[in-house]
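Remarks on the overall topology
Below are the chains, spelled out letter by letter.
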Amino acid sequence: MLGWLLAALAALARGGTSTAPGFSCWKQCSPLGFRCSWPPHGPPGNTSYLLTLCYTSPRLCREFEAGARTTYPLNHRRIYVLTNVTAWVEARWGGHVHRTPNITLYLDEALKPNPPPTTVPFTKSGGRLRLQVPRPPCHRRGQPPQREARFRRTGGYGWTQVTCEAETDEDDTVTCALGGDGAFEVQLRHKPPHWSSYWSDWSSSIFVPEEILESPALSYQLGELGPAGQRVLQLGWQRAPEEQGNVTYTLLTHMPACGCTEEDTVELGTEVTAHNLTLSGAEYQILLTAANAAGTGPPRQLLVPAAWRSDLDFKNVSVVGSAVTVQWEAPSAGLASCFEQQPLQGAAKRGVCTQRGFPAKSIHVERGALDTPACHRLAVHGWSPARGWATFALHHHYVGNASPALPIHINTNTSDATVVLQWSPSPRAACPGVLAKYLICHAAEGDNVTYAEADAAASHFTLQNLRPGTAHRVGVQEVTAESKGTCGTWWRFQTKALGPQGAAWKPNLKYLGILLCVPTVAVVYQLSKKRARRLLFPPLPEPVGSKAIEFTTGETASQPRPGFVEPSERFTVAELLLAEPNPGKEVNDGGTRSGTPQPSPTAAQKPVTVSPPELPFTYRRQEMLSPPGFEPHGSAEEEEEEEGGRQVVRQPLIPIALLISDKPVIIRDQAGWDLTPEEPLS
């Protein structure tokens, strides 16, 4: 007895039984009754169970034979439910006895509610899930039940368990923090506030889609206002992603100028991504809203401007001061009409609605006031269930004191006979249908006034074929449907006189001179370039009758042949140009040098033989080939010519030593040199 009392006190100190890991006893809400349950122990079919309940007051215990069952219903008439009780179960098979841990509870409050329903409404915003979870059927008034949620991302595995907080004690709305955006799978459970109550089982999964953070991108195409007073607005948007689940769209159409009927609302499904709206000629506000199970996203707004059509006019418009009276005809039958009168700029004004039916071809009169200087829009719209709203009549009226005569800017710099007139449109021109055209008045000095017209959208006009050197006057006047006449304000200007500089052939002569100068400069440049090249870079002299050096067969066979640029003998830098004397001739007694130079002393001591093989290679005389018909130089006879009364001796070959690289080379010219007595050889 003392043991189970200590166990009961320990359970009370822990705050009761919040879970049922194994053995548990609870009170059912529907149907009313009590039940105990425990896990099986021992071999199946050969194990019997004994349930024991010990009460605190009165201090007694009761035993219940459960047989082989693992659940046992308790009759509330045979147990004490308004006191604490400690219970356990013994399992017996063969000679074995297994006893479960003790549990302590207050049976009347030991409730285990059913799981919460999965059809609860919810919203999600900023990663927080807001639900309306109903209370258990047998929950008493007072403190709300405890609620928990576990969630995981769609397609995930691990659960995350959080505690849901109640917003108020009287309300069933709770908020659960999911910790982020995205699609989640959520399960709920609840528990009465008493310490001996139990948590319900987890509910079925609630699929929470990703919240809609942005409004859908809206594209549109607006048609023209037709003769029936209606136009078509084609709307389109992108389909929502799969993470947002089942998305529905709501189109709300609002006409600010007329509040005769409620706003038109259209609900569209997930698969719909386009819709057409039939509108009148009034201004509209279109709102597209996307919503899913997580909530409603921000709306996308589209402002549709008012339309205008020239042939949809009133039968009569009368303006006296600020009072306006219009007369219109209904093209078809309707149930309501709206007279719109408001300025184009500024805040919109609500029109006058008439909730009264009218037949087709009926005539109606509307009255209003135009009290502000501006462009006012006057319109009548009619509504019928079959066609909706349609515009019956449209008119714009300008109220203001702006002068129809416009200040202009005269541009006379274009040419002598052309002038451009420029002006800025007045506020009257911004009023659709009010300004019909511009009247341009022009007169030269001494001539009559001529008139021209410009379109209402024009801002400039060109006067052509003007008389040069003449005074002119011009004016620009706005013309409306009510105003007609001539220009009231004139502007004067003077055209340029046509002088000598104004001849028509002078620009052509200028262009012709440019065209002729270009090829002339090119020819002079080419000739100067060739002459300068000849003066600065003269051509090099070409050798006359020079031949390659030839050697005899015996000479080349007995001695090695030097290269083409090998020198015949070594020279110093000072001996780059030397004359080789001919040893076959001597100087005569008269002091006249013979045609053959004298040999050097070294050559006198060592005479040179004619036979090429016996001479050294370095001092061998090189044989030169002579052209056909000429005798070779170096023969025993000299050539003499009479020239100018004196005797000229033709000199033989004079070897010339040129320095190629660092080695001089002797080149013999066949023509030779003419040496005069005034230029003695050294």
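Residues numbered from 1 in each chain as written. Predicted model: local features only at pLDDT ≥ 70, side-chain atom pairs only at ≥ 80, totals over all residues. Heavy atoms only, no water.

Assigned secondary structure in the protein consists of 4 helices and 41 strands. Looking at the protein as a whole, 36% of its 682 residues are labelled buried. Long-range pairs, those at least 24 residues apart, make up 62% of the contacts in the protein between residues at least 6 apart in sequence. Here the protein displays about 40600 Å² of accessible surface, and carbon together with sulfur accounts for 54% of that area. (Helix = DSSP H or I, 4+ residues; strand = E, 2+ residues; numbered from the N terminus. Buried < 20%, exposed > 50% of the residue type's maximum accessible area, 1.4 Å probe, protein only. Contact = heavy atoms within 4.5 Å. Areas by Shrake-Rupley, 256 points an atom, 1.4 Å probe, with all protein chains shown as cover.)

Moving on, we come to a nonpolar patch on the surface. A surface patch of nonpolar side chains, amounting to about 290 Å² of accessible area, comprises L509, L512 and L516. Relative to the helices and strands, L509 is located in helix α2 (residues 505-536). Classification of L509 as partly exposed rests on a relative accessible area of 48%. (Patch = residues over 30% accessible without salt bridge, like charges linked within 9 Å, V, L, I, M, F, W, Y side chains within 5 Å. Salt bridge = Lys/Arg side-chain N within 4 Å of Asp/Glu carboxyl O.)

Structurally, C258 can be placed in the loop between β18 (248-254) and β19 (264-268). In this structure the C-alpha to C-alpha distance between C258 and G351, which are 93 residues apart in sequence, comes to 5.3 Å. Not counting the four nearest positions on each side in its chain, C258 is found in contact with C338, R350, C353 and H381.

Across the 10 residues that make up strand β33 (residues 435-444), a large majority, 8, are buried. Pairing between β33 and strand β36 (residues 471-480): 9 bridges, direction antiparallel. Among the inter-strand pairings, A443 is bridged to a residue of β36, identified as R473. (Pairing = 2+ DSSP bridges.)

Before going further, it helps to spend a moment on the sheet that holds strand β15 (residues 206-208). Spatially, β9-β10-β13-β12-β11-β14-β15 is the arrangement adopted by the 7 strands of the open sheet, whose pairing is antiparallel. A single partner strand is all that each edge strand has here, and the edge strands are β9 (122-125) and β15. If you compare each strand with its neighbour and ignore which way they point, the axes differ by 30 degrees on average. Pairing between β9 and strand β10 (residues 128-132): 4 bridges, direction antiparallel. For K124, the partnering residue across the bridge sits in β10 and is L129. (Axes fitted to C-alpha atoms, helices over the stretch in contact; angles between N-to-C directions.)

Before going further, it helps to spend a moment on the state of the cysteines. Taken as a whole and assessed by the stated rule, the structure comprises 6 disulfides. Paired through a disulfide, C164 and C176 show a sulfur-sulfur distance of 1.9 Å. Negative torsions about the S-S bond denote left-handed disulfides, and the value of about 110 degrees found for C164 with C176 makes this one right-handed. With C164 in strand β12 (residues 160-166) and C176 in strand β13 (residues 173-177), this pair connects stretches of sequence that are 12 residues apart. With a relative accessible area of 9%, C164 lands in the buried category. Here C375 engages in a disulfide with C431; their sulfurs sit 1.8 Å apart. Taking the sign of the S-S torsion, 75 degrees for the link of C375 and C431, the bridge is right-handed. Pair noted here: C375 is in strand β29 (residues 375-384) and C431 is in the loop between β32 (418-423) and β33, with a separation of 56 residues, a long-range link. By the burial criterion, C375 is buried, and C431 matches it. (Disulfide = S-S within 2.5 Å.)

This structure, assessed with the given rule, holds 13 salt bridges. Linking R467 and D447 is a salt bridge whose minimum nitrogen-to-oxygen distance equals 2.7 Å. Residue R467 is found in the loop between β35 (460-463) and β36, and its partner D447 is found in the loop between β33 and β34 (450-455); the two are separated by 20 residues along the sequence.

This next bit is on the side chain of H472. Within the fold, H472 resides in strand β36. A distance of 3.0 Å separates the side chain of H472 from the side chain of H442, its partner in a polar contact. Non-local contacts of H472, meaning those with residues more than four positions away in its chain, are made with H442, A443, A444, L466, R467, W491, R492, F493 and T495. (Polar contact = N/O pair within 3.5 Å; in protein donor to acceptor, adjacent residues only side chain to side chain.)

Trans is the common state for peptide bonds, and a negative phi is the common state for residues other than glycine. Between S57 and P58 the backbone carries a cis peptide bond, its omega angle lying at 0 degrees. Here K361, not a glycine, exhibits a phi torsion of approximately 65 degrees, which is positive. With respect to the helices, strands and loops of the structure, K361 is situated in the loop between β27 (352-354) and β28 (363-369). The class of K361 is exposed, set by a relative accessible area of 59%. In this structure, N465 takes a positive phi of about 55 degrees despite not being glycine. Following the sequence through the fold, N465 ends up in the loop between β35 and β36.

Relative to the elements of secondary structure, Q341 occurs in strand β26 (residues 336-343). Q341 sits in the buried class, given a relative accessible area of 17%. Here the side chain of Q341 touches A369 through a polar contact of 3.3 Å, landing on its backbone nitrogen. Ignoring anything within four residues of it in the chain, the contact list for Q341 reads V324, K349, R367, G368, A369, R377 and L378.

Another aspect to go through is a positive patch on the surface. Taken together, the side chains of K529, K530, R531, R533 and R534 present a region of like positive charge at the surface. Summarising the element assignment, R531 is placed in helix α2. (Lys, Arg positive; Asp, Glu negative; His and termini not counted. Charge placed at Lys NZ, Arg CZ, Asp CG, Glu CD.)

Our focus in this paragraph is the environment of V474. Mapped onto the elements, V474 comes out in strand β36. As for V474 and Y451, which are separated by 23 residues in sequence, their C-alpha atoms are 9.8 Å apart. Once residues within four sequence positions are removed from consideration, V474 is found in contact with I408, I410, L421, I440, C441, H442, L463, T489, W490, W491 and F493.

For the rest of this paragraph, the subject is the sheet that holds β26. Spatially, the 4 strands line up as an open sheet ordered β27-β26-β29-β30, and their pairing is antiparallel. With partners counted over all chains shown, the strands left at the sheet margins are β27 and β30 (388-398), one partner each. Sheet twist, expressed as the average angle between the axes of neighbouring strands with direction ignored, equals 15 degrees. Where β26 and β29 come together, 8 bridges link them in antiparallel fashion. Considered in β29, the bridge of F339 is made with V380.

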